[in-house]
Amino acid sequence: MKSESQVLREVSAGAAPEAGGRLVERRFTRAGVHPFDEVEWERRDAVITSEAGSVVFEQRGVEMPSFWSQLATNVVVSKYFYGAFGTPERETSLRQVIDRVARTITGWGRQGGYFRDDEEAEIFYAELTRLLLHQKLAFNSPVWFNVGIEEKPQCSACFINSVEDSMESILGLARTEGMLFKWGSGTGTNLSTIRSSREKLAGGGVASGPVSFLRGYDAFAGVIKSGGKTRRAAKMVILNADHPDIEEFIDCKVKEEKKAWALIDMGYDGGFSVSGGAYDSVFFQNANHSVRATDEFMCAVERDDKWKTYSVVGRKAMDTLKARDLLSGIAEATHLCGDPGMQFDTTINDWNPCSDTARINASNPCSEYMFLDDTACNLASVNIMGFVDGEGNLDAEAFEHACHVSILAQEIIVDNALYPTPAVTQNSHEYRPLGLGYANLGAFLMSQGVPYDSDAGRAYCGAITALMTGAAYRASALIAARESLGPFPAYEKNRGSFLRVIRKHRDHVSSIERKYLPSYLYEAAERAWNDALETGEKYGFRNAQATVIAPTGTIAFMMDCDTTGIEPDIALVKYKKLVGGGMLKIVNNTVPLALKRLGYDDPQAKAVVDYIDQNDTIEGAPGLREEDLPVFDCAFKPTKGARSIHHMGHVRMMAAAQPFVSGAISKTVNMPQESTAGEIMDTYVEAWKLGLKSIAIYRDGSKRTQPLNTSLETKDKDGKTARVVWKPQRRRLPDTREAVTHKFSVGGHEGYITAGLYEDKTPGEIFVVMAKEGAVISGLIDTVATLTSIALQYGVPLEMLVNKFKNTRFEPSGITTNPDIPMATSVIDYIFKWLEKCFVPQEEDKVVEHPKATEQMREQYQKLGFEPQSDAPPCTECGGLMVRKGPCYFCLNCLHQTGGCS
């Protein structure tokens, strides 16, 4: 069976673009036929409702292609349709949105001399339109927000801004960031140029230090909503490991986290959705933090050597620390609150194509765009599954062509976009960095019958990433070959370093394990890089950077992708919004494709899919071979299963892609709740050894841990400070006490909970009896009940025990007979959720504001078929439980995202 691109090329013959010829040829379209006229259109309603049923967004009668899902419809209509409701300017059809963007970019291309004639311009318009229409390509959100509306629109999602050690520059950065947030973009800055809090000012005073200024930046980011929408601003702050304030920087979020815990214990709302809640009342919640570490530092960690910090002014030695203690402190902070992440400075600058200009000091908020200070990057992503042919194979030529069209479109945008400062404007014109990436890698691997965490999975990832970036740089070199355009202005200054990095990319292709790949895919990647180098050596390159792997949040849903960016699938079961409202539970489309690829016939595949639909897991499916289970492993454990991708599987996948990416990779490595700080530290070290440029780790449940203070400081009779150790006092229950007994069933296993009460009706002991006595699980539950009873009698708050033990995951688990707790991840999870419901009071105003908050979260767990991070915040728009995606959170109900590069 011929691929789509082969059929179309037979209809309208056209060769790949060559230097001196057209920059774009027809592959997906036919002359005289508009892409809009080749698809079926229909009218439908875009409606987003909250978990409680209230309408969050509504636009009825919008025109959409029949093959776009309701989810993609809701994304585009709610996020990207322009104009106020009830006005003639309000867009009502996807035709208007795509045409607005594609026509504007084509017009800019005509004005900029990118096309030899009107025919070439129309070919570009048609090819770009068809890629966008058929969900094979999408630009980052600022393009959809602003292109075709503003005369000089802000088009880039990612910015890196510099700051100098002066009050004028420090305050100027606050203004620059605010304007970027306003127009829907994110920004990052390395603050190591600001002198430490222990250095003198010229006037004789002591400097505030970068951490103090972070408070001000954080406050502005918290009140300026990204793109004028409700999502939070996206921001990154970085400090070098040899800065004198590095320990304060590492601990700053930890200290604020503990303040948030204290506020939660006092009754403040624990989410991010309520103004004046716990996390809205503390600092450093609106930025991702990263520590910049050199190879010198990481080697010192391995050798357990000392590490010195140096003053910003004069570069004088300040502190002598143990490198391993410093990295251990980073890991401890990450374990507790998710920050800071790590950026590996030596690796980053070894891949710097413009090192003759300057070093790379910082990144954008999600760490995928890493380039010179005061630069910007507009992103776009191709949908890998959009290039799978009728035989289930990746059409490499069609994929390359899409990359070429995207790079041309992104390049045209550069000179027509608005930038926040003169420095960013100048550097954008002189270096012209771009950020092409992809989505749906995880779904593609599953469709091939290849486990995400496998040598074969990593080989596919390396080859596809290499093909994308090789094609992107070849396109950039062909644009540079156009006489009126040429390479980026700073290319000649950096020619040596640039070609050195291109050769490094090309040489790494040989490290891909081709034995796991179809020969055509490896050869396509190899050819793309040879062509890129050959063409670039002759003509130079138009763009200083070409690719990144972004999180692709909103735009991945716009393209109906099952997986985002480089991520694996979240779960095998998802919920599809219906045109008329409501939800339909479906098993992922890639599961049947994978089963077919693995050799299962239709009846066998149907039996497996039916089992997943009924049980929310593939584990135990009839007829499924044990060796095929890894193919279906996902990021999160299913509610009834035990399998998920190990955190090092995520790290190794990033390492497979990194040598073939101009920038870096946005991906949070999720680790289970029971992970230790030592395991986090080991993961950081391994990520450095594997050649990653950056890594962020998030331990599930890290924001729910609450320490106990066991001592207080007071004054003795002489007025001196004395430490008084707190001695617990046991509060015994009366011999005759009231009790409450509750019958329960978890996954078919029955039992009884009895809570003995004090006179004030608070529990002081619990007993749990399981129906099947003598089993190991029964003995363990007896032990937990006894320990809980002792803890209650010695004054440990029940809230703390609940937060510690609920969401504990082990068998038996599953559906319960209690409508208030419909799903439990274990018997312990059920016990403590029941204790919380019965005995943990809630403030009256909290109940009024969130009458169904707890039920919503539980329903969402049951609805998803998997359990995301237990401390994910509720959505600010609809109240549904969000899931973590990269460094941000995404709502699967209303599509709202807290930030990031999309």
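Below is a short write-up of the structure. Keep in mind that what you see is a predicted model, and the values were worked out from it rather than measured.

1. Thoughts on the overall build of the protein chain
And then number 1: For the protein chain, the helix and strand inventory stands at 27 helices and 27 strands.
And then number 2: Within the span of the protein chain, comprising 902 residues, buried residues form 59% of the whole.
And then number 3: At a minimum sequence separation of 6, the contacts of the protein chain that also span at least 24 residues come to 69%.
And then number 4: Within the structure as shown, the protein chain displays about 34,600 Å² of accessible surface, and the carbon and sulfur contribution to it stands at 51%.

2. What about the pairing of strand E9 (residues 317-322)?
And then number 1: Where strand E8 (residues 306-310) lies against E9, four bridges are found, and the strand directions are antiparallel. The residue of E9 that forms the bridge with Lys306 is Lys322.
And then number 2: Taking the residues between adjacent antiparallel strands as the criterion, E8 and E9 are bridged by six residues, where Gly314 takes a positive phi near 85°.

3. Observations regarding unusual backbone geometry
And then number 1: Of the consecutive residues Asp339 and Pro340, the connecting peptide bond is found in the cis state with omega at 5°.
And then number 2: As for its placement among the helices and strands, Pro340 is situated in the loop between helix H10 (323-337) and strand E10 (341-344).
And then number 3: With an omega of 0°, the peptide bond between Glu811 and Pro812 qualifies as cis.
And then number 4: One non-glycine residue, Phe284, lies in positive phi territory at about 65°.
And then number 5: Counting through the fold element by element, Phe284 comes out in the loop between helix H8 (246-265) and strand E7 (288-293).

4. A closer look at the pattern of salt bridges
And then number 1: By the definition in use, this model includes 51 salt bridges.
And then number 2: Put simply, Glu63 and Arg95 hold a salt bridge, and the shortest N to O gap is 3.0 Å. Of the two residues, Glu63 is situated in strand E2 (residues 55-65) and Arg95 in helix H3 (residues 94-111); the sequence distance between them amounts to 32 residues.
And then number 3: Taking relative accessible area as the criterion, Glu63 reaches 14% and is therefore assigned buried.
And then number 4: For Arg95, a relative accessible area of 28% puts it in the partly exposed group.
And then number 5: The residue Glu483 makes a salt bridge to Arg116 at a minimum N-O spacing of 3.5 Å. In this pair, Glu483 is assigned in the loop between helix H15 (455-481) and helix H16 (495-508) and Arg116 in the loop between H3 and helix H4 (118-133), connecting sequence segments 367 residues apart.
And then number 6: Connected via shared salt-bridge partners are Asp99, Arg103, Arg110, Asp118 and Glu122.

5. Regarding the state of the cysteines
And then number 1: A complete count under the given rule lists zero disulfides for this structure.
And then number 2: Here Cys377 stays unpaired: no disulfide links it, and the sulfur of Cys158, its closest cysteine neighbor, is 5.6 Å away.

6. Let's talk about the packing of aromatic side chains
And then number 1: With the rule as written, the count across this model stands at 24 aromatic pairs.
And then number 2: Between Phe297 and Trp307, the aromatic rings sit 5.1 Å apart at their centres with planes inclined by 75°, giving edge-to-face as the arrangement. With a gap of ten residues between them, Phe297 in helix H9 (residues 295-303) and Trp307 in strand E8 connect regions that are remote in the sequence. Of the two residues, Phe297 and Trp307, neither departs from the other in class, the shared state being buried.
And then number 3: Each ring, one from Tyr369 and one from Phe371, has its centre 6.4 Å from the other, and the planes form 45°; the classification is tilted. Like Tyr369, the residue Phe371 is buried in the burial classification.
And then number 4: Pairwise contacts between aromatic rings join Tyr369, Phe371, Tyr431, Tyr473, Phe488, Tyr491, Phe498, Trp529 and Phe541 into one cluster.
And then number 5: Taking NZ or CZ as reference, Arg90 lies 4.2 Å from the ring centre of Phe85, over its face.
And then number 6: Against the face of Phe387 rests Lys136, its NZ or CZ located 5.2 Å from the ring centre.

7. Description of helix H7 (residues 210-223)
And then number 1: Under the 1.5 Å per step criterion, the end-to-end length of H7 is 21 Å for 14 residues, consistent within 8% with the ideal 20 Å.
And then number 2: Buried within H7 we find Pro210, Val211, Phe213, Leu214, Tyr217, Asp218 and Ala221. Down the axis, H7 shows its buried residues gathered within 150° of arc, on one side only.
And then number 3: Each element contacted by the buried residues of H7 is listed here: helix H6 (167-182), strand E6 (235-240), H8 and E7.

8. Details of the sheet that holds strand E21 (residues 739-746)
Within a sheet, each strand pairs with its neighbour through backbone hydrogen bonds, oriented either parallel or antiparallel.
And then number 1: The strand order across the open sheet built from three strands is E21-E22-E23, with neighbouring strands paired in antiparallel fashion. The open sheet has two free edges, formed respectively by E21 and strand E23 (763-770), since each of these has just one partner strand. Between one strand and the next, the sheet's axes are offset by a mean angle of 20°, whatever the strand orientation.
And then number 2: Pairing of strand E22 (residues 749-757) with E23 involves seven bridges; the strand directions are antiparallel. Paired with Ile753 across the two strands is Val768, which belongs to E23.
And then number 3: Sheet strands in contact with helix H25 (residues 827-839) are E21, E22 and E23, and its direction is about 140° off that of E21.

Thresholds applied
Residues numbered from 1 in each chain as written. Predicted model: local features only at pLDDT ≥ 70, side-chain atom pairs only at ≥ 80, totals over all residues. Heavy atoms only, no water. Helix = DSSP H or I, 4+ residues; strand = E, 2+ residues; numbered from the N terminus. Buried < 20%, exposed > 50% of the residue type's maximum accessible area, 1.4 Å probe, protein only. Contact = heavy atoms within 4.5 Å. Areas by Shrake-Rupley, 256 points an atom, 1.4 Å probe, with all protein chains shown as cover. Pairing = 2+ DSSP bridges. Salt bridge = Lys/Arg side-chain N within 4 Å of Asp/Glu carboxyl O. Disulfide = S-S within 2.5 Å. Phe/Tyr/Trp six-rings, centres within 6.5 Å; stacked < 30°, edge-to-face > 60°. Lys NZ or Arg CZ within 6 Å of the ring centre and 35° of its normal. Expected span 1.5 Å × (residues − 1). Arc of directions from axis to C-beta. Axes fitted to C-alpha atoms, helices over the stretch in contact; angles between N-to-C directions.

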